Amino acid sequence: MTVTKADAPVTTASNEPTGETEPVGSARSERLSALIQQHGALAVLVLVSLVASFSFDAFATGDNIGNMATSSAFLAIVALGMTFVIITGGIDLSVGSLFALGGVLAAWGSRHGTLVALLLPPAVCGLIGVVNGLLVARSRLAPFIVTLAAMLGARGLLLAITDEGADTFLIGKGSFLAELGQGTTLGLGNPVWITLALFVVGAVVLRRTRFGQHVYAVGGNEDAAALMGAPVARTKILVYTLSGLLAGLAGALNAAWLASGVTILGNGMELEAISAVVIGGTLLSGGLGYVSGSLVGVLLLKVIQNVINQIGSLDSSYQQVVSGGFLAVVVIAQTWLGRRRQLM
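Residues numbered from 1 in each chain as written. Predicted model: local features only at pLDDT ≥ 70, side-chain atom pairs only at ≥ 80, totals over all residues. Heavy atoms only, no water.

1. With respect to the confidence of the model for the protein
Then, number 1: Overall, the prediction assigns the protein a mean pLDDT of 86, with 84% of residues at 70 or greater.
Then, number 2: Overall, residues 1-22 carries pLDDT values under 50, and its contacts beyond four positions in sequence, including any with other chains, amount to one contact. (pLDDT = per-residue confidence, 0-100. Contact = heavy atoms within 4.5 Å.)

2. Focus on unusual backbone geometry
Then, number 1: Even without glycine at this site, Leu-186 takes up a positive phi of about 55 degrees.
Then, number 2: If you trace the backbone, Leu-186 turns up in the loop between strand E1 (184-185) and strand E2 (188-189).
Then, number 3: Even without being a glycine, Ala-259 presents a positive backbone phi close to 65 degrees.
Then, number 4: If you trace the backbone, Ala-259 turns up in the loop between helix H10 (232-258) and helix H11 (269-279).
Then, number 5: Given a relative accessible area of 16%, Ala-259 falls into the buried group. (Helix = DSSP H or I, 4+ residues; strand = E, 2+ residues; numbered from the N terminus. Buried < 20%, exposed > 50% of the residue type's maximum accessible area, 1.4 Å probe, protein only.)

3. Focus: the packing of aromatic side chains
Then, number 1: Counted according to the given criterion, the structure contains two aromatic pairs.
Then, number 2: With a centroid separation of 5.2 Å and an interplanar angle of 35 degrees, the aromatic rings of Phe-74 and Trp-257 are classed as tilted. With Phe-74 in helix H2 (residues 62-87) and Trp-257 in helix H10, this pair connects stretches of sequence that are 183 residues apart.
Then, number 3: Look at Phe-74 and you get buried, because its relative accessible area is 3%.
Then, number 4: Given the relative accessible area of 32%, Trp-257 is considered partly exposed. (Phe/Tyr/Trp six-rings, centres within 6.5 Å; stacked < 30°, edge-to-face > 60°.)

4. Describing empty space enclosed by the protein
Then, number 1: One pass over the full model with this rule turns up one cavity of 30 Å³ or more.
Then, number 2: Every residue lining the largest cavity is listed: Phe-99, Ala-100, Gly-103, Gly-251, Asn-254, Ala-255, Leu-258, Ser-260, Gly-261, Val-262 and Leu-265.
Then, number 3: At the level of secondary structure, the elements contributing two or more residues to the lining of the largest cavity comprise helix H3 (95-109) and H10.
Then, number 4: Ranked by the residues each element gives to the lining of the largest cavity, the list is headed by H10, at four residues. (1 Å grid on protein atoms, 1.4 Å probe; cavity = no way out; pocket = protein on both sides within 12 Å on 5 of 7 lines; lining within 4 Å. Points joined across faces, edges and corners; volume = space filled by probe spheres on them.)

This is the structure:
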């Protein structure tokens, strides 16, 4: 058998460009951009924590760390639900009011037993989330308007239950509910362990299940997701339901921690949750996000607040100034990184 010229292997001289250098460089640059977007907040958190540890004697103490962890737990649970919503390209402004409503319902329900106190807030707030999801997915209303209406409605229901805030329901000391919120396990508050467990489940659901794939697909391109057979409407309904349910659960745990249902809580919490999620690397435009990043974003906001408190000479309003400025920097960086990856 003779080998023709066409059958012969083609060789390339070693001193000639192969064309592989540019794709490899682009791939490395893209991976670096993705790494910064996913873990940039963690690097800042570590840096700020190290500086604060050397600057303030009381920062790295066990009591301060424990207090920061417990106070972060409630916002983190709310941010977990918000992560799913934002990845789909939506927004949920009702979580702050649902958080407060959940706390009041838990304190009111504690008079009828621990089971009622724990199940009633997620059930009621989850139902409000269902309504939000139906209006967004089926009626195609803007999430901003729908959840804004839910925010006002939930706050009105809260005031109706508490007689315009005149009634404050208390949780009995020594009850299982109070122990759940105020007790500790291995040196950390029980709400912290519950939050960590929820984040592990959330990460598995988002990364390892078909539902999680649908969440990313809907946020990436809703029309393309529908053409591929993804249940777009059902996915949106589920993420808003999840957001409402987790906000109610966070409120219930906060009420257990405070041993009362405080009506004035939750104001502005929706903005804190959104900030934490975006700082953690989730795109406001949807399609990309990380559960772990949202947790890091919450911790970073709490550490910044704690550092300002450690300084002592700064007013608490500086917390919002710093948080707002940091959020603006993160959004600008995300936009720049997103455009850079598109050009590669």
